[in-house]
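# Breakdown of the fold
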Amino acid sequence: MADEGSVQPPASQEPATPAEAAAETEEKQKDTRSVEERIAALKKPNPVPQPDEEKVRKHLDSLNAKIETCDKRLKEIKAALEKATTLRESSKSESKGVLDRLKVVRGQIKTASQEREGLYQQLQAMSASRQAHQKSLSDLRKSLPFDDVAHVEAKVKELEAKISHGQCADLKEEKKVMAEIKNLNACKSQIAAYIAQRGVTVDDSEARADLERRKAEATARLDAAKKEADSLDKQLKEIQAKQQGPDGATPTNTNDLWKEQKELYNQIKEHRAEIRKVNTELREELNKYRDYTRALQNYKRALSRLQGEQRRAEWEARRAAEDKPADADVPSDDPLVGHPWADEMIQCRDLEKVLSAFLPREQAPAAAAPAAPA
């Protein structure tokens, strides 16, 4: 996590533990290579950049801020949904009666509309039937020379008398009269059919008036039901208006709120997954950097040890060349040993001893013990 402390490289070389010193001594005894070869064999670890924890912390803070923003919005959505649910529950009983009545009224509208449509179709069919019958009679009448059989028979007798009295001018005219008589006799059946159809024509004004009356009643019921439905719709809208949002004008759309809530949960899930990913990557980088610093310390410790051995070997070589005792420069309790001004201090001591001989005897003991040099 971002609360992990930043890793800093060691400021100074850590002292080797007794176990490490023993291991180094044993390794030195086993290794037969020269110091230069061992120094050349040392491998400096590849540098690993130190993780920028401050940058990672800022990134984590931004992700946490986004999560807090989502949480805040989720609380607002939860409050709005609870309010909408409370209003919906409180108005459910009131709206239930309106909805039930509206359902009944809409059924009445459907029934009245269907009834009116059926009566209208009957009137249309009646009108079409009457018009077709009248057209059929009119067409049949137009095709007949007479509208009564008696007239036809009178005409036939007249033509027969014309033939019998020899009033035809020639044979051709006589044949023509005979053909006319034949046609007139053939028209008798059609005239009879026409008279029969004209006789069966009934007056449908009463039935039509009854249908018109029933249609008007259905229309009146339909208009009344529509008016009542409009009134119920208005009441239902007034009830639904109680579920408006804080501004008093925009109704709370719970579907949009549920959708937004789901999107916010997904965003929080993504942000938390990103936080876990960043923390894992930072932990891995810190572990790599710690391993690098540890390896670098071991490298520096080994290099320092080998360089010390190298200097010690060089020092022993110089001492051997100067024929000095091997322990000439060995540390001792004498403060003058190893002091850069040791020769001058020894001369000063000898001079003090010589000069103290010239001092009075009562001052000699005091002067015989000079102060130790700083």
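## Quick word on the overall build of the protein
Secondary structure assignment for the protein yields 9 helices and 0 strands. Scanning the protein from its N terminus toward the C terminus, one meets helices and strands in the order α-α-α-α-α-α-α-α-α. Taking all 374 residues of the protein together, the buried fraction comes to 21%. Sequence-distant contacts in the protein: of pairs separated by 6 or more residues, those separated by 24 or more amount to 84%.

## Looking at a nonpolar patch on the surface
A contiguous nonpolar surface patch, about 450 Å² in accessible area, is contributed by L351, V354, L355 and F358. Along the polypeptide, L351 turns up in helix 8 (residues 342–356).

## Concerning the packing of aromatic side chains
As enumerated under the stated definition, the model contains 1 aromatic pair in all. A ring pair is formed by Y289 and Y292, whose centres lie 6.2 Å apart and whose planes are at 45°; its orientation type is tilted. Note that Y289 and Y292 are positioned in helix 7 (residues 254–321) at a spacing of 3 residues, about one turn of the helix. Y289 gets classed as buried once you look at its relative accessible area, which sits at 6%. For Y292, a relative accessible area of 14% corresponds to the buried category.

## What to know about the environment of A207
Secondary-structure assignment places A207 in helix 6 (residues 205–240). Residue A207 is classed as partly exposed on the basis of its relative accessible area of 39%. Distance from A207 to L123, taken between C-alpha atoms, is 9.3 Å for residues 84 residues apart in sequence.

## Structural notes on the environment of L99
Among the secondary structure elements, L99 is positioned in helix 3 (residues 53–143). Of the residues examined, L99 reaches a relative accessible area of 41% and is grouped as partly exposed.

## A look at the pattern of salt bridges
Enumeration according to the criterion identifies 11 salt bridges in this entry. Between R221 and E115 there is a salt bridge, and its shortest N-O distance comes to 2.4 Å. Note that R221 is positioned in helix 6 and E115 in helix 3, a separation of 106 residues in sequence. What makes R221 partly exposed here is its relative accessible area of 38%. Its relative accessible area of 30% is what places E115 among the partly exposed residues. Where D210 meets R214, a salt bridge forms, and the shortest distance between an N and an O atom there is 3.9 Å. Of this pair, D210 and R214 both sit in helix 6, 4 residues apart, which is roughly one turn of that helix. Via salt bridges that share partners, D210, R213, R214 and E217 belong to a single interconnected network.

## Thoughts on the confidence of the model for the protein
When pLDDT is averaged across the protein, the result is 77; 71% of the residues are at 70 or more. Looking over the protein, one finds the lowest element-wise mean pLDDT in helix 9 (residues 364–368), namely 48, and the highest in helix 7, namely 91. Here residues 1–15 scores under 50 on pLDDT; set against residues more than four positions off or in separate chains, the count is 30 contacts.

## Description of the nonpolar core
The biggest cluster of nonpolar side chains holds 15 residues, and the ones touching the most others in it are V56, L60, I77, L264, I268 and I275. Going through the elements one at a time, helix 3 and helix 7 are the ones with two or more residues in this core. Tallying contributions element by element places helix 3 first for this core, with 8 residues. Every residue in contact with I268, bar those within four places of it in the chain, is listed here: I67, C70, D71 and L74. Ranked by size, the runner-up nonpolar core spans 11 residues in total, among them V98, I109, A225 and L232.

The rules we used
- Residues numbered from 1 in each chain as written.
- Predicted model: local features only at pLDDT ≥ 70, side-chain atom pairs only at ≥ 80, totals over all residues.
- Heavy atoms only, no water.
- Helix = DSSP H or I, 4+ residues; strand = E, 2+ residues; numbered from the N terminus.
- Buried < 20%, exposed > 50% of the residue type's maximum accessible area, 1.4 Å probe, protein only.
- Contact = heavy atoms within 4.5 Å.
- Patch = residues over 30% accessible without salt bridge, like charges linked within 9 Å, V, L, I, M, F, W, Y side chains within 5 Å.
- Areas by Shrake-Rupley, 256 points an atom, 1.4 Å probe, with all protein chains shown as cover.
- Salt bridge = Lys/Arg side-chain N within 4 Å of Asp/Glu carboxyl O.
- Phe/Tyr/Trp six-rings, centres within 6.5 Å; stacked < 30°, edge-to-face > 60°.
- pLDDT = per-residue confidence, 0-100.
- Core = buried A, V, L, I, M, F, W, Y, C linked by side-chain atoms within 4.5 Å.

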